[in-house]
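Okay, here's what each chain looks like letter by letter:
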Amino acid sequence: MRFGLAEDAAELAELSRPFVRSGALRERPVSLYAAQAADFLVAVGPGGRLDGCVGLCVHPAGPAGAGAPAGVLYNFCVAGRRQGCGVGAVLLRTVLTRARALSLGALFTATTGDGRLFQRYGFTSTAACLAPRSWAESLDPRRNARILARAV
């Protein structure tokens, strides 16, 4: 497990592509992965290939500094060859540890799937109005994603 690097951008895009095609993830250009590489934790497998990734975007505290900053998990995916092997669980535990180290008050994510892995780690359904506004407003309502959250 390590932080993403700008040179991981093409591989992050390739890892994400099957999930984009299925509608589970939004399409992002390689340039965006490069610009946001530091947001990512990546699981590196044998031979140095990326087995999975998750982005963590930190949103500042509420108006006038009220409340703790919140994090948004995004682009969470595991390579098909590694699904069911615990890679997703390791990524999620690691990003939770990172969120605590950053003193985040809560974590949010949106999923079009069943969300079982998130639920095993304490995430529950929540309303968009409780999430960071800029992120919640960026969600595409046509995707019918469910918003999940948990305290850190």
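Within every chain, residues take consecutive numbers counted from 1 along the sequence as written. A pLDDT threshold of at least 70 governs which residues receive local features in this predicted model, and a stricter bar of 80 or more applies before side-chain atom pairs are shown or counted, although totals over entire chains, interfaces and linings include all residues. Calculation of side-chain values draws on the structure's entire complement of heavy atoms; hydrogens and water are dropped beforehand.

Between its first and last C-alpha, helix α1 (residues 9-22) extends 20 Å over 14 residues, near the 20 Å set by a 1.5 Å rise per residue. Bending of α1 peaks at approximately 40° at the position of Ser16, with proline Pro18 no more than four residues after it. To sort residues, take the accessible area from a 1.4 Å probe on protein chains only and compare it with the maximum for the residue type: under 20% means buried, over 50% means exposed, and anything in between is partly exposed. A run of H or I in DSSP counts as a helix once it spans at least four residues, and a run of E counts as a strand once it spans at least two, with each numbered from the N terminus. Within α1, burial applies to Ala9, Leu12, Ala13, Leu15, Ser16 and Phe19. Residues are treated as being in contact if the distance between any of their heavy atoms lies within 4.5 Å. If you follow the buried residues of α1, they end up packed against α2 (30-35), β2 (40-44), β3 (50-59) and β4 (70-78). Immediately downstream of α1, the backbone of Gly23 shows phi near 90°, a positive value. Expected span, for any helix, means 1.5 Å times one less than how many residues it has. In this analysis the local bend is the angle between axes fitted, respectively, to the seven residues ending at and the seven residues starting at the residue.

On to helix α3 (residues 87-101). Because each turn of an α-helix spans 3.6 residues, side chains separated by three or four positions in sequence point in the same direction. With 15 residues, α3 extends 21 Å between its outermost C-alpha atoms, agreeing within 8% with the 21 Å of an ideal straight helix rising 1.5 Å per residue. Those residues of α3 that sit buried are Val87, Gly88, Ala89, Leu91, Leu92, Val95, Leu96 and Ala99. Where α3 is buried, its residues touch β2, β3, β4, β5 (106-111), α4 (116-120) and β7 (146-151). At the exit of α3 stands Ser103, carrying a positive phi of roughly 60°.

These results come straight from atomic positions and should not be treated as a statement about function.
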